[in-house]
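# Structural overview
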Amino acid sequence: MWRSILSLCLFCTSAATMAIEVPQAPHLLVSGNAEQKVEPDMLTLRVAVTALEKKGIDAKQQVDKRVAAFFGQLEGLGIKRSDVEAGNLVISPEYQYPQNRKPELAGYRAQRQLAVKLYQLDKLSQLMDAALKSGLESVSQIEFGLKDPQAAREQARVSAVQDARAKAESLAKAFGVTLGKVYSIEYRNAAPMPVYGRGLKMAAMAAAPEAADASYEQQEISITDNVEAVFLID
């Protein structure tokens, strides 16, 4: 009978779980899984500020002007400068490729990436308007997240442990054995899965604001957790 139970343990677990320490005595190995869904309470808006000019210095000045205007709009929304991460300014030549002709220099493109953290989700539309007014061309990404994901992680972890114990108790009862103490535990921490909104061109947002709002409708964030446990059985 013990050999049958031990064989069952091997079939119920994947190769990855076999790293967990198991005793020489009869035992039961189970996997506990849990998924916690929570509403996001913050987001990160990533935008690209770009400009194409004949001269690199002119492109840089255009980008600087748009970034400054955007910062001014953010202050009006109560967004702190510390909530904005600005990437380095990149200037590179841009070419046109006419058919059967040599490449032609179209000018120099300056670009800077900005990441804005927004903690009042009801101001998302206003933030979009601010980007549009500042001359920004596109939103590259919106990532919904949590200001403090620890509580949700803890709940998912506890649920995973409860799931493991419930499975162990169910199997022990079904096989007519007594479930003993926990012999060993292997824990695999899982981070929250961010939820991304779809990027849009600013021109499209201006033409169809309802569609833009729908594209950035917030969704639940999924936090999963997993724990492996070995129980002794009598």
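Just above, that's the structure.
Below: a short report on this structure.

Rules used in this analysis
Residues numbered from 1 in each chain as written. Predicted model: local features only at pLDDT ≥ 70, side-chain atom pairs only at ≥ 80, totals over all residues. Heavy atoms only, no water. Helix = DSSP H or I, 4+ residues; strand = E, 2+ residues; numbered from the N terminus. Contact = heavy atoms within 4.5 Å. Areas by Shrake-Rupley, 256 points an atom, 1.4 Å probe, with all protein chains shown as cover. Pairing = 2+ DSSP bridges. Axes fitted to C-alpha atoms, helices over the stretch in contact; angles between N-to-C directions. Buried < 20%, exposed > 50% of the residue type's maximum accessible area, 1.4 Å probe, protein only. Parallel < 35°, antiparallel > 145°, perpendicular 65-115°, else oblique. Left-handed = near helix turned anticlockwise from the far one by under 90°. Nonpolar A, V, L, I, M, F, W, Y, C, P; charged D, E, K, R; others polar.

In this section: the overall build of the chain. A tally of helices and strands in the chain yields six helices and 10 strands. The contacts in the chain between residues at least 6 apart in sequence include a share of 82% that link residues at least 24 apart. Here the chain displays about 13500 Å² of accessible surface, and carbon together with sulfur accounts for 51% of that area.

On to the sheet that holds strand 1 (residues 27-38). Sheet strands pair via backbone hydrogen bonds, and the direction of the pair is either parallel or antiparallel. Across the sheet, three strands lie side by side as 1-10-7; this open sheet has antiparallel pairing. Single-partner strands in this sheet number two, and they are strand 1 and strand 7 (179-188). Taking each pair of neighbouring strands and ignoring which way they run, the sheet shows an average axis angle of 25°. Relative to strand 10 (residues 221-233), strand 7 is paired through seven bridges, and the arrangement is antiparallel. Directly across from S184, in strand 10, lies its bridge partner V230. Strands strand 1, strand 7 and strand 10 of the sheet are contacted by helix 4 (residues 150-175), whose axis makes an angle of about 145° with strand 1.

Before going further, it helps to examine unusual backbone geometry. In this structure, N100 is a non-glycine residue whose phi angle is positive, near 60°. Its place among the elements puts N100 in the loop between strand 4 (90-96) and strand 5 (104-118). Judged by its relative accessible area of 77%, N100 is exposed.

Once that is clear, we can look at the packing of helix 2 (residues 56-76) against helix 3 (residues 124-133). Contact pair helix 2 / helix 3: the axes reach a minimum separation of 8 Å and the direction vectors enclose 155°. By the angle class used here, helix 2 and helix 3 are roughly antiparallel. Crossing handedness for the pair helix 2 and helix 3: right-handed. Where helix 2 abuts helix 3, its residues F70, Q73 and L74 lie against L127, A130, A131 and K133. In terms of residue class, the contact of helix 2 with helix 3 is made up of five nonpolar, one polar and one charged.

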